Amino acid sequence: MVFQKEVTLPAFRRGYHLITRFISEQLPELPETGLLNILVKHTSAGITINENADPTVRSDFERFMNKMIPEGDPVYEHTDEGDDDMPAHLKSSVIGASINIPITRHRLNLGTWQGIYFCEFRNYGGPRKLVLTVLG
Amino acid sequence: MVFQKEVTLPAFRRGYHLITRFISEQLPELPETGLLNILVKHTSAGITINENADPTVRSDFERFMNKMIPEGDPVYEHTDEGDDDMPAHLKSSVIGASINIPITRHRLNLGTWQGIYFCEFRNYGGPRKLVLTVLG
Amino acid sequence: MVFQKEVTLPAFRRGYHLITRFISEQLPELPETGLLNILVKHTSAGITINENADPTVRSDFERFMNKMIPEGDPVYEHTDEGDDDMPAHLKSSVIGASINIPITRHRLNLGTWQGIYFCEFRNYGGPRKLVLTVLG
């Protein structure tokens, strides 16, 4: 069984956003056992699994990643699209543009404290497209 | 064919640990061709594929990652669970909480020097749960 | 349906290289819907999805990643294989050694600006092996 759907996220502000519920609501009845793949179809955004409870984890992600991969680094030559653009590309490959989640007993099988983060690395990224693929 | 199993790793000390053999021993007879997904069900641990021979690669990982993503950074607000907690969340998303490995002729198809690292980012993480999913 | 093929990339110079067309040419007719996994069978190279248009994005990747994960860091003990070796292992786990791409209407379903980067982290990595696995 293969199920696939392309969905559009509303424009999020720059930062890390919990979208676990949004994703679950887009899915049909899941197979007994399988795997969900989510791809972000953009090169300046990302997706990852992390802590779903304390919002300061997400704001710490934003602040720390801005320090680890800063704007205005003198090595950047790709600067025409704004100071936030090249760091966004780097973060997209360091955090990743896709995740896989196992499906168990017809549900996404994440740990108690795990949620899905959509990572908007641009100042004004606009709506973003995801592809959801279920194999089972 | 879909096979799935949840397994528990014993408590590992903080650092990078080769678990290739442990994983292989948990698996049933694998399909002729397919894919294995492994998810770590925690937000302060990770899993990756890297060099399986020289143990100093793994201790260099521990030391370098502690420098790249340090404890006590002044940007952190999420500090209630200890100095090792927020860096552990960051490392989990930078290294990743899941991997995929192709299955070929009924075996995991890794390169000669590739092994599976379980990455314990907390000082005292305790036993950790993994989900193994085989599609084939 | 499962299809699998092992392919060899020619020796690339150190850096980030677009291989989207190379990968597409290796694949048979793809299923209507599915998922492609690509694994790099090496611990000092990587694979990621990023911007496919401006070559300065790829040279900025090379320069910035060399700064974030430098050669000659005093924490490294694994130095016998050359100054470029331990940073290559670290980059391989930070960028990742495998990617997944959804298949839609018999084609790889990437965003308009997304391409597949092969990341050669060694000075002289030589030919590199990839495993392509299609599930659908």
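Residues numbered from 1 in each chain as written. Chains lettered and ligands numbered in written order. Predicted model: local features only at pLDDT ≥ 70, side-chain atom pairs only at ≥ 80, totals over all residues. Heavy atoms only, no water.

Caption draft 1: Geometry of the pairing of strand β3 (residues 33–40) of chain C. All names here are of chain C. In terms of residue burial, β3 counts as a mostly covered element, since 7 of its 8 residues are buried. In this structure, β3 lies alongside strand β8 (residues 128–135), joined through 6 bridges in antiparallel fashion. By the bridge assignment, isoleucine 38 is partnered in β8 with leucine 132. (Buried < 20%, exposed > 50% of the residue type's maximum accessible area, 1.4 Å probe, protein only. Helix = DSSP H or I, 4+ residues; strand = E, 2+ residues; numbered from the N terminus. Pairing = 2+ DSSP bridges.)

Caption draft 2: Quick look at helix α2 (residues 55–68) of chain B. Residues and elements named next belong to chain B. Helix length check: α2, at 14 residues, gives a terminal C-alpha distance of 20 Å against a target of 20 Å (1.5 Å per residue), a fit within 8%. Here α2 has its buried residues at Thr56, Val57, Arg58, Asp60, Phe61, Glu62, Phe64, Met65 and Met68. Near the N-terminus of α2, the side chain that reaches the backbone nitrogen of threonine 56, with its oxygen 2.9 Å away, is that of aspartate 54. (Expected span 1.5 Å × (residues − 1). Polar contact = N/O pair within 3.5 Å; in protein donor to acceptor, adjacent residues only side chain to side chain.)

Caption draft 3: Layout of the interface of chain C and chain A. Between chain C and chain A, the contact holds 30 residues from the first and 30 residues from the second. Looking at the side of chain C facing chain A, the largest losses of area belong to Asp60, Phe64 and Gln114 of chain C, adding up to 22% of the total buried there. There are 2 salt bridges connecting chain C and chain A. A salt bridge links lysine 67 of chain C to aspartate 73 of chain A; the nearest nitrogen and oxygen atoms lie 2.9 Å apart. Inspection of the chain C/chain A interface yields 14 residue pairs in polar contact (both at pLDDT 80 or more). (Contact = heavy atoms within 4.5 Å. Buried area = accessible area lost by both parts, 1.4 Å probe. Salt bridge = Lys/Arg side-chain N within 4 Å of Asp/Glu carboxyl O.)

Caption draft 4: Focus on the relation of the copies chain C and chain B. You can overlay chain C on chain B at an RMSD of 0.0 Å; the transform is a turn of 120° with a shift of 0.0 Å along its axis. In symmetry terms, the pair is related by a three-fold rotation axis. In terms of proximity to the rotation axis, the leading residue of chain C is valine 94 of chain C, whose C-alpha is 3.4 Å off the axis. Here only 14% of the contact residues of chain C are again contact residues in chain B; the copies associate through non-equivalent surfaces. (Least-squares fit on C-alpha atoms with pLDDT ≥ 70 in both.)

Caption draft 5: Region of interest: the pattern of salt bridges. All names here are of chain A. This model, assessed by the stated rule, comprises 27 salt bridges over all chains. A salt bridge links arginine 14 to glutamate 71; the nearest nitrogen and oxygen atoms lie 2.7 Å apart. Taken together, the positions of arginine 14 in the loop between β1 (2–9) and β2 (15–18) and glutamate 71 in the loop between α2 (55–68) and α3 (85–95) put the pair 57 residues apart, joining distant regions of the chain. Exposure remark for glutamate 71: the relative accessible area of 36% places this residue in the partly exposed category.

Caption draft 6: Expanded view of the nonpolar core. Counting 51 residues, the largest nonpolar core has Met68 of chain A, Met68 of chain B together with Met68 of chain C as its most contacted members. When near neighbours in sequence (up to four residues on either side) are disregarded, methionine 68 of chain B contacts Phe64 and Met68 of chain A, Val94 of chain B together with Met68, Ile69 and Val94 of chain C. (Core = buried A, V, L, I, M, F, W, Y, C linked by side-chain atoms within 4.5 Å.)

Caption draft 7: Local environment of the sheet that holds strand β1 (residues 2–9) of chain C. Residues and elements named next belong to chain C. As summarised here, the arrangement of the 5 strands in space is β1-β8-β3-β5-β6, forming an open sheet in which the pairing is antiparallel. The outermost strands of the open sheet, each flanked by one partner alone, are β1 and β6 (107–108). Pairing of strand β5 (residues 98–104) with β6 involves 2 bridges; the strand directions are antiparallel. Counterpart to threonine 104 in the pairing with β6 is arginine 107.

Caption draft 8: Local environment of the side chain of arginine 58 of chain A. All names here are of chain A. Tracing the chain through its elements places arginine 58 in helix α2. There is no salt bridge for the buried arginine 58, and the closest opposite charge comes from glutamate 51, which lies 5.4 Å off by N-O distance. The contact partners of arginine 58, leaving out residues within four places of it in the chain, are Tyr16, Leu18, Glu51, Asn52 and Tyr117. (Lys, Arg positive; Asp, Glu negative; His and termini not counted.)

Caption draft 9: Broad picture of the packing of α2 of chain A against helix α3 (residues 85–95) of chain B. Interaxial distance between α2 of chain A and α3 of chain B falls to 11 Å at its minimum, and their mutual angle equals 70°. Considering the angle they form, α2 of chain A stands roughly perpendicular to α3 of chain B. Of the two possible hands of crossing, α2 of chain A and α3 of chain B adopt the one that is right-handed. On α3 of chain B, the residues touching Val57, Asp60, Phe61, Phe64, Met65 and Met68 of chain A of α2 of chain A are Met86, His89, Leu90, Ser93 and Val94 of chain B. Among the residues making up the contact of α2 of chain A with α3 of chain B, the classes are represented as 8 nonpolar, 2 polar and 1 charged. (Axes fitted to C-alpha atoms, helices over the stretch in contact; angles between N-to-C directions. Parallel < 35°, antiparallel > 145°, perpendicular 65-115°, else oblique. Left-handed = near helix turned anticlockwise from the far one by under 90°. Nonpolar A, V, L, I, M, F, W, Y, C, P; charged D, E, K, R; others polar.)

Caption draft 10: Just the packing of aromatic side chains, in detail. Residue and element names in this part refer to chain A. Evaluation of the coordinates by the stated rule reveals 15 aromatic pairs over all chains. Relative to tyrosine 117, the ring of phenylalanine 61 lies with its centre 5.8 Å away and its plane at 75°, an arrangement referred to as edge-to-face. Taken together, the residues phenylalanine 61 in helix α2 and tyrosine 117 in strand β7 (residues 114–120) connect sequence positions 56 residues apart. Side by side, phenylalanine 61 and tyrosine 117 carry an identical accessibility label, which is buried. In textbook terms, an aromatic cluster arises when at least three aromatic residues are bridged by ring pairs, as seen for Tyr16, Phe61, Tyr117 and Phe121. (Phe/Tyr/Trp six-rings, centres within 6.5 Å; stacked < 30°, edge-to-face > 60°.)

Caption draft 11: Molecular detail of the interface of chain C and chain B. Counting residues at the interface gives 29 residues for chain C and 30 residues for chain B. Taken together, chain C and chain B are joined by 2 salt bridges. The partner of glutamate 77 of chain C in a salt bridge is arginine 63 of chain B, and the shortest N-O contact between them spans 3.7 Å. Inspection of the region where chain C meets chain B yields 13 residue pairs in polar contact (both at pLDDT 80 or more). Mapped by element, the contributors of at least two residues to the side of chain C that touches chain B are β1, β3, α3 (85–95), β5 and β8 of chain C. Per-element accounting of the side of chain C that touches chain B gives the leading share, 6 residues, to α3 of chain C. Broken down by class, the residue content of the side of chain C that touches chain B amounts to 14 nonpolar, 11 polar and 4 charged.

Caption draft 12: Local environment of the side chain of arginine 122 of chain B. Residues and elements named next belong to chain B. Mapping arginine 122 onto the fold places it in the loop between β7 (114–120) and β8 (128–135). A residue is classified by how much of its surface remains accessible, and arginine 122, at 16% relative accessible area, is buried. At a separation of 3.0 Å, a polar atom in the side chain of arginine 122 contacts the side chain of aspartate 84. Apart from the residues lying within four places of it in its own chain, the contact partners of arginine 122 are Arg14, Ser44, Glu81, Asp84, Asp85, Ala88 and Arg128.

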